[in-house]
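# Commentary on secondary and tertiary structure
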Amino acid sequence: MGEALASPDELAAKLGIEIDPELLRVALTHRSYAYEHEGVRHNERLEFLGDAVLGLAVTVMLFERFPDIPEGELAKRRSSLVSSDALAVCARGIELGRYLRLGRGEELTHGRQKASILADALEAVFGIVHLACGAEVARDLVLRLIAPLAVDESRYDTTDPKTSLQEYAARQGLGTPVYEVTSSGPDHSKRFRATVLLGGRAIARGEATSKKRAEMAAALEAWSRLRAESS
């Protein structure tokens, strides 16, 4: 199963925040782990909250930092900076994968390196910091991690993972990505699992609470994997 799990205390120190490690551990717990350990809470609700914390912090930052940029361009930049791609970059920068609690299946399929899992966990961290430490601390954390990406003009050429994957596949002559989506669970708590195929071959999978987000997670994973293989 690999090396011992790193302590959430270590992560809190790395992030420069004071937070109960047990609270932070919830944000670091993937649903696959919770399903294998009865009574353990996972991070999906925190991910929902963290998404809102992230969106507001980035929106205000862009509005203040770029006073001469029109609304449409601001929206494009925000979309890029709150994307799973950008979050995964930030998560890898703080080695977030070392702290995640994952189920056996995700461990065996290298879940600690999966862009979608890293991005979701980082949003959950933003959410728990907002609850435990307050809105200002959470905003400052978001900006410390995201702001360095805001000055990278090349990042704004990418609108979303599906577009990135389609353009990359076209340049490499791999064909057009095809998405197959299945769902499970009751209507009020449905999960969607997307598989992206290129040339009839399954490249990557993604899972989320909506079809769109599942497809984006699968696309991000495929795009990251293909680029890594070609580098």
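Residues numbered from 1 in each chain as written. Predicted model: local features only at pLDDT ≥ 70, side-chain atom pairs only at ≥ 80, totals over all residues. Heavy atoms only, no water.

### Points about the overall build of the protein chain
Filter applied, for reference: Helical segments are the DSSP runs of H or I of at least four residues, strand segments are the runs of E of at least two, and each set is numbered from the N terminus. Under the scheme applied here, a residue whose accessible area is under 20% of the maximum for its type counts as buried, over 50% as exposed, and between as partly exposed, the area being computed with a 1.4 Å probe on protein chains only. We call two residues in contact when some of their heavy atoms are within 4.5 Å. What sets the accessible areas is the Shrake-Rupley method with a 1.4 Å probe; for residues, cover comes only from the shown protein chains. Under the convention used here, Asp and Glu are negative, Lys and Arg are positive, and both His and the chain ends fall outside the count. Where a charge lies is defined by one atom per residue type: Lys uses NZ, Arg uses CZ, Asp uses CG and Glu uses CD.
Each helix and strand counted, the protein chain has 11 helices and 3 strands in total. Tracing the protein chain from N to C terminus, the helices and strands come up as α-α-α-α-α-α-α-α-α-α-β-β-β-α. By principal-axis analysis of the C-alpha atoms, the protein chain measures approximately 50 × 50 × 40 Å. Counting all 231 residues of the protein chain, 46% fall into the buried class. When contacts within the protein chain are restricted to residue pairs at least 6 apart in sequence, those whose partners lie at least 24 apart make up 56%. Element-wise, carbon and sulfur atoms account for 51% of the exposed surface of the protein chain, whose accessible area totals about 12100 Å². Once the 30 positive and 34 negative side-chain charges of the protein chain are each reduced to a mean point, those two points are 4 Å apart.

### Considerations on the packing of aromatic side chains
We apply this condition: Two rings belonging to Phe, Tyr or Trp (six-membered ring only in the last case) form a pair when the distance between their centres is within 6.5 Å. Interplanar angles under 30 degrees mark stacking, angles over 60 mark edge-to-face geometry, and anything in between is tilted. Only lysine NZ and arginine CZ atoms are considered, and such an atom sits over a ring when it is within 6 Å of the ring centre and within 35 degrees of the ring normal.
This structure, assessed with the given rule, holds 0 aromatic pairs. Above the face of the phenylalanine 66 ring, arginine 77 is positioned so that its terminal group lies 4.8 Å from the ring centre.

### Here we look at unusual backbone geometry
Positive phi outside glycine occurs at glutamate 95, with the angle close to 55 degrees. Of note, glutamate 95 is situated in the loop between α6 (84–93) and α7 (104–108). Positive phi outside glycine occurs at histidine 110, with the angle close to 60 degrees. Checked against the element boundaries, histidine 110 lands in the loop between α7 and α8 (115–133).

### A word on the nonpolar core
Note the threshold: What makes a nonpolar core is a set of buried Ala, Val, Leu, Ile, Met, Phe, Trp, Tyr and Cys residues whose side-chain atoms join them at distances within 4.5 Å.
Counting 48 residues, the largest nonpolar core has Leu96, Leu122 and Val125 as its most contacted members. Residue contributions to this core peak at 10 residues, all from α8. Not counting chain neighbours up to four residues away, the residues in contact with valine 125 comprise Leu15, Leu24, Ala27, Leu28, Leu96 and Leu141.

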